[in-house]
Amino acid sequence: MKKLDIQAIRADFPILSQTVNGKPLVYFDNGATAQKPKVVIDAITKYYQEINANIHRGVHTLSQLATDAYEVSRNTIQKHLNAKHNHEIIFTSGTTHGINLVANGFAALLQPGDEVMVSAIEHHSNIVPWQFLCERTGANLVVIPMNEKGELILSEFDRLLNEKVKIIAVNHISNALGTVNPIAEIIEKAHQVGAAVLIDGAQATPHLRPDVQELDCDFYVFSGHKVCGPTGVGILYGKESWLNRLPPYQGGGEMIKEVTFAKTTYADLPHKFEAGTPNIAGGIVLGTAIDYLNEIGFEAIEAYEQELLAYGTEKLLEIEGVKIYGTGAHKASLISFNIEGIHPYDIGTIVDKLGIAVRTGHHCAQPVMNFFDIPGTVRASFAFYNTKEEIDIFVEAVKKAKQMLS
Ligand SMILES: *Cc1c(COP(=O)(O)O)cnc(C)c1O
């Protein structure tokens, strides 16, 4: 495995050489959104300067160029996820859109008394759409509980699983705690009772390369902006058989075969789920971002980020009063913590003055915060362009914040 040339990688990201509040930026909010390399920024400009046109519509040259670039990106993403067919790759506006699309579709398939299963460590986007679904259909929401380390309790999952469960929605990696969930095992067991599984991959795709055929998941969703791509674009992977069973989500242009006032027939996949003019530049450039990450290599990214995680965990725990939430055996490069007696927001505010960007609050996962009986945490989430030197700066800043606040 090749070793990362971190200084060369950092030079790819113009924003990283900025100062914030007079200090060199230390960007540790990658769990919220990743920074963009110059190839991605340039590709957006190139699209608007050279080929901007609507896709799948005109016979004119620019429209064909734009359509080709969009479809090339779809193929890049198909290959990246190892999906069987390129029409199993649906462009969405992001993870939230992908989950809502699937949850909405399941309304046509559920009966009162059926069960929809989520886990105790989900992002609100992987809870609320399923609550809507339950309200609409009379299905019941069932929750896989977690333990004090922030790991799902699989014996409880086994106990809760039964043939009434029609769909299970879990994240691959938790955005609040960093836990890597045993999704392969969950998927295998779910299929034994005939339940479909949707994996929220928003927090996993920046760190690893999922193989949807090997996982055998039915749906896998992620957001472009967390994998160094633009905002407003994302991916829903769905098995062909499931995407054919689900009704369309939105009606409009591009998703139809034939429209009369008496009856409309729908277009084939993937267009059935791609109503209206999409984020064309975003879709094209998402492929650029995925190519960029694959060129660096996910094996090297994972190994390096694990080093950052181990180093950051060790250094933070040297500060008295620090408590880390999410202490399971399998974690991504994300540390959620508090200092005894100090509100996370106050730490975030002080370190910001020192040029450091971290997330504070409930991280769109209030049930996780309720479980630990805390208002929120400070969350430092590392990407492959971060360094141990930045962690040192951060740890010193946290010490300073602790001094000022206690
Ligand atoms: C960020 C995130 C989401 C929501 O993604 P959007 O891009 O806001 O749609 C959902 N789940 C997890 C685990 C996330 O980290």
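Just so it is clear, the model here is predicted, and its values are computed rather than measured.

Caption draft 1: Region of the structure containing the packing of aromatic side chains. Summed over the entire model, instances satisfying the criterion amount to 14 aromatic pairs. Pairing Phe28 with Phe382 gives two aromatic rings, centres 4.8 Å apart and planes at 80°, and the pair type is edge-to-face. On the criterion of sequence distance, the pair formed by Phe28 in the loop between β3 (26-27) and α2 (38-51) and Phe382 in the loop between β17 (377-381) and α14 (388-405) is long-range, its members being 354 residues apart. Residue Phe382 is classed as buried on the basis of its relative accessible area of 2%. With a centroid separation of 6.3 Å and an interplanar angle of 75°, the aromatic rings of Phe106 and Phe219 are classed as edge-to-face. Highlighted residues: Phe106 in helix α4 (residues 95-106) and Phe219 in strand β9 (residues 219-223), separated in sequence by 113 residues. Each member of the pair, Phe106 as well as Phe219, is classed as buried. Every member of this aromatic cluster is reached through a ring pair, and the members are Phe13, Tyr292, Phe384 and Tyr385.

Caption draft 2: View of the UniProt feature "domain: Aminotransferase class V" (unreviewed entry) in the protein. Per the UniProt entry, the sites bearing "domain: Aminotransferase class V" (unreviewed entry) are residues 26-394 in this numbering. The span residues 26-394 carries 39% helix and 18% strand; its end-to-end C-alpha distance comes to 8 Å.

Caption draft 3: The pattern of salt bridges, seen in detail. Following the criterion strictly, the structure yields 16 salt bridges and no others. Note that Lys164 and Glu115 form a salt bridge whose closest N and O atoms lie 3.8 Å from each other. Here Glu115 lies in strand β5 (residues 115-119) and Lys164 lies in the loop between α6 (154-160) and β7 (165-171), a separation of 49 residues in the sequence. Across the pair Arg159 and Glu156 runs a salt bridge whose closest N-O atoms are separated by 2.8 Å. Of this pair, Arg159 and Glu156 are both found in helix α6, three residues apart, which corresponds to roughly one turn of the helix.

Caption draft 4: View of the sheet that holds strand β14 (residues 334-339). Spatial strand order, β13-β14-β17-β16: four strands in an open sheet with antiparallel pairing. Single-partner strands in this sheet number two, and they are β13 (322-325) and β16 (359-361). Ignoring strand direction, the axes of neighbouring strands in this sheet form an average angle of 30°. The sheet contact formed by β14 and β17 spans four bridges and is antiparallel. Of the residues in β17, the one forming a bridge with Ile335 is Ala380. Across the sheet, helix α11 (residues 298-317) is in contact with β13 and β14; its angle to β14 comes to roughly 5°.

What counts, and where the lines are drawn
Residues numbered from 1 in each chain as written. Predicted model: local features only at pLDDT ≥ 70, side-chain atom pairs only at ≥ 80, totals over all residues. Heavy atoms only, no water. Phe/Tyr/Trp six-rings, centres within 6.5 Å; stacked < 30°, edge-to-face > 60°. Helix = DSSP H or I, 4+ residues; strand = E, 2+ residues; numbered from the N terminus. Buried < 20%, exposed > 50% of the residue type's maximum accessible area, 1.4 Å probe, protein only. UniProt positions renumbered as here; feature names shortened; annotations may be inferred. Salt bridge = Lys/Arg side-chain N within 4 Å of Asp/Glu carboxyl O. Pairing = 2+ DSSP bridges. Axes fitted to C-alpha atoms, helices over the stretch in contact; angles between N-to-C directions. Contact = heavy atoms within 4.5 Å.

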